[in-house]
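Read off the chains here:
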Amino acid sequence: MYKFPTALRHLRTRERNLEWSPHRRERKARLSSFRLAGRVTCLLRVGVTMSTRPPMRPPGNAPAVLLGFQPALALTGALCLRQNLGSSSPGKKQNKENTITINCVTFPHPDTMPEQQLLKPTEWSYCDYFWADKKDPQGNGTMAGFELLLQKQLKGKQMQKEMSEFIRERIKIEEEYAKNLAKLSQNSLAAQEEGSLGEAWAQVKKSLADEAEVHLKFSAKLHSEVEKPLMNFRENFKKDMKKCEHHITDLRKQLASRHAAVEKARKALTERQRDLEIKTQQLEIKLSNKTEEDIKKARRKSTQAGDDLMRCVDLYNQAQSKWFEEMVTTTLELERLEAERVEMIRQHLCQYTQLRHETDMFNQSTVEPVDQLLRKVDPAKDRELWVREHKTGNIRPVDMEI
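Small disclaimer: the values here were computed from a predicted structure and weren't measured.

### Side note on the packing of aromatic side chains
Link 1 in the chain: The full count for this structure, using the stated rule, is five aromatic pairs.
Link 2 in the chain: Considering the side-chain rings of Trp131 and Trp323, the 5.6 Å spacing of their centres and the 75 degrees angle between planes classify their relative orientation as edge-to-face. Within this pair, whereas Trp131 is found in the loop between helix H6 (126–129) and strand S3 (134–135), its partner Trp323 is found in helix H10 (residues 289–376), the two being separated by 192 residues in sequence.
Link 3 in the chain: For Trp131, a relative accessible area of 4% corresponds to the buried category.
Link 4 in the chain: Assessed through its relative accessible area of 2%, Trp323 is described here as buried.

### Description of the environment of Ser219
Link 1 in the chain: With respect to the element layout, Ser219 can be found in helix H8 (residues 195–232).
Link 2 in the chain: Separated by 46 residues in sequence, Ser219 and Ile173 place their C-alpha atoms 8.7 Å apart.
Link 3 in the chain: Not counting chain neighbours up to four residues away, the residues in contact with Ser219 comprise Ile171, Glu174 and Glu175.

### Overview of unusual backbone geometry
Link 1 in the chain: In the Ramachandran plot, Cys104 falls in the positive-phi region, its phi being about 75 degrees despite a non-glycine side chain.
Link 2 in the chain: Tracing the backbone through its elements, the reader meets Cys104 in the loop between strand S1 (99–102) and strand S2 (105–108).
Link 3 in the chain: In the Ramachandran plot, Arg234 falls in the positive-phi region, its phi being about 55 degrees despite a non-glycine side chain.
Link 4 in the chain: Structurally, Arg234 is set in the loop between H8 and helix H9 (237–285).

### A short note on the pattern of salt bridges
Should their charged atoms come close, side chains of opposite charge can pair.
Link 1 in the chain: With the rule as written, the count across this model stands at 20 salt bridges.
Link 2 in the chain: Residues Lys172 and Glu169 are paired through a salt bridge, measuring 3.6 Å at the closest nitrogen-oxygen approach. Taken as a pair, Lys172 and Glu169 lie in helix H7 (residues 145–185) at a separation of three residues, close to a single helical turn.
Link 3 in the chain: For Lys172, a relative accessible area of 45% translates into the label partly exposed.
Link 4 in the chain: For Glu326, the salt bridge goes to Lys322, with nearest N and O atoms at 3.3 Å. Within this pair, Glu326 and its partner Lys322 are both found in helix H10, separated by four residues, close to a single helical turn.
Link 5 in the chain: On the accessibility criterion, Glu326 (18% relative accessible area) is buried.
Link 6 in the chain: Judged by its relative accessible area of 37%, Lys322 is partly exposed.

### Details of the pairing of S2
The two faces of a sheet get side chains in turn, since along a regular strand they alternate between them.
Link 1 in the chain: Neither face of S2 is exposed, since Val105 and Phe107 on one face and Thr106 and Pro108 on the opposite face are all buried.
Link 2 in the chain: Relative to S2, S1 is paired through four bridges, and the arrangement is antiparallel. Following the sheet pairing, Thr99 is matched in S2 by Pro108.
Link 3 in the chain: Turn length for the S1-S2 hairpin, with the two strands adjacent in sequence and antiparallel, is two residues, and the turn residue Asn103 shows positive phi of about 50 degrees.

### Here we look at a positive patch on the surface
Link 1 in the chain: Judged by side-chain charge, Arg272, Lys296, Lys297, Arg300 and Lys301 come together as a positively charged surface patch.
Link 2 in the chain: The greatest single-element share of the positive patch, amounting to four residues, is contributed by H10.
Link 3 in the chain: Here Lys297 lies in helix H10.

### Here we look at a nonpolar patch on the surface
Link 1 in the chain: A surface patch of nonpolar side chains, amounting to about 210 Å² of accessible area, comprises Met159, Met163 and Leu349.
Link 2 in the chain: Tracing the backbone through its elements, the reader meets Met163 in helix H7.

### Re helix H11 (residues 379–390)
Each full turn of the α-helix corresponds to 3.6 residues, which orients residues three or four apart in the same direction.
Link 1 in the chain: Between its first and last C-alpha, H11 extends 16 Å over twelve residues, near the 16 Å set by a 1.5 Å rise per residue.
Link 2 in the chain: Capping the start of H11, Asp378 holds a side-chain oxygen 3.1 Å from the backbone nitrogen of Ala380, two or three residues further along.

The rules behind the values
- For every chain, the first residue of its written sequence is number 1, and the numbers climb from 1 along that sequence.
- Only residues with pLDDT of at least 70 get local features here, since the model is predicted, and only at 80 or more are side-chain atom pairs given and counted; chain-wide, interface and lining totals rely on the full set of residues.
- Side-chain metrics rest on all non-hydrogen atoms present in the structure, leaving aside hydrogens and water.
- When two rings of Phe, Tyr or Trp (its six-membered ring) have centres within 6.5 Å they constitute a pair, described as stacked for plane angles under 30 degrees, edge-to-face for angles over 60, and tilted for the intermediate range.
- Segments assigned H or I by DSSP are reported as helices when at least four residues long, segments assigned E as strands when at least two residues long, and all are numbered from the N terminus.
- Buried, partly exposed and exposed residues are distinguished by accessible area as a fraction of the type maximum, computed with a 1.4 Å probe on protein chains only: under 20%, between the cut-offs, and over 50%, respectively.
- Whether two residues are in contact is decided by their heavy atoms: any pair within 4.5 Å suffices.
- We count a salt bridge whenever a side-chain nitrogen from Lys or Arg sits within 4 Å of a carboxyl oxygen from Asp or Glu.
- When DSSP finds at least two bridges between two strands, those strands are taken to pair.
- Grouping into patches uses exposed residues only, defined as over 30% relative accessible area, and leaves out salt-bridged ones; the cut-off is 9 Å for like charges and 5 Å for nonpolar side chains (Val, Leu, Ile, Met, Phe, Trp, Tyr).
- The accessible surface values rely on the Shrake-Rupley method and a 1.4 Å probe; as for residues, cover is taken only from the protein chains in view.
- Residues scored as positive are Lys and Arg, those scored as negative are Asp and Glu, and His as well as the terminal groups of each chain are ignored.
- Think of each charge as sitting on NZ of Lys, CZ of Arg, CG of Asp or CD of Glu.
- Every helix has an expected span of 1.5 Å times one less than the residues it contains.
- Here a polar contact is recorded for every N or O atom pair within 3.5 Å, except that within protein the pair must consist of a potential hydrogen donor and a potential acceptor, and residues adjacent in sequence are included only if both atoms are side-chain atoms.

Below is the structure:
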């Protein structure tokens, strides 16, 4: 039986090891992608409605890679494995350009990615637009998209608190106004006015006391129906947001750790492949049992390094998948909480305007008796009454006679 020359046989072995089981690698990558796609499908069934309509884009030139995170593209293990392995084959070069890792998160490459479908098209949902990190305007670092959403939530809580404080100031003004009105109604100025005008003037002062009572009731209702609900809404909100932040931050740290392990494993594989290549080149020059034994050992180490890299990439994909699922779930929850907060404030401000209208109506009712008496003011009648009471005589003087 004809046998290949030893050098040629080892050369083919070298080529096989440098390629490092591409079929096995592709199978594991596809399985990893299928597992993630299944988990994402479950998420979308629960809280996200997929649409076949073209995705909406925000204004400006935001890169498409940031507009909608499609996990089946971003988390393919085969693409991760083929990055930076030192191969010059055209297929691997193209795969290397299909993804890009930013701050340990893998995205489709903006130059080669297909159009991504938003998870909730036309809704401008939190779950579609906060996957990438943003440069921190107050420093040189970056701010995670989720942290930006948290700041929005905490700012909303602060705005709600300030609105409550504003209503409290309004209540103080109402109370002070009512107090001054009641005090003024007891004033004795013009108390000696008589007749129908005197009755109207007395009613004016009484209406002040009635109006003071209306404003006191208005301030009390403002406190119980507007200020207090605004102040007490989600008392433990900051604590809940802290728990949420720690949870997502821990997942992101775990993702960074997995990414570091991938890079370490990729570096180890590159070194093992380089070592195997060197030993194979030595074999072509000098044949010896020792060299062949070294090649076998280097081949085993290279294979082991490849298996370690596959395992690290699989763990990284699992960590990113978990982070992705929690991000979708949590951002949708933050979106719901924000809508709930806005609606709650709207309802209580509507209650404020309703109370204000009622106060105006009651105030109007306090001046209606005044209007009625003012319409009855009759100077002639007042003169008659006053003359009847205070007259001194109706006999007029006449000329003196001599």
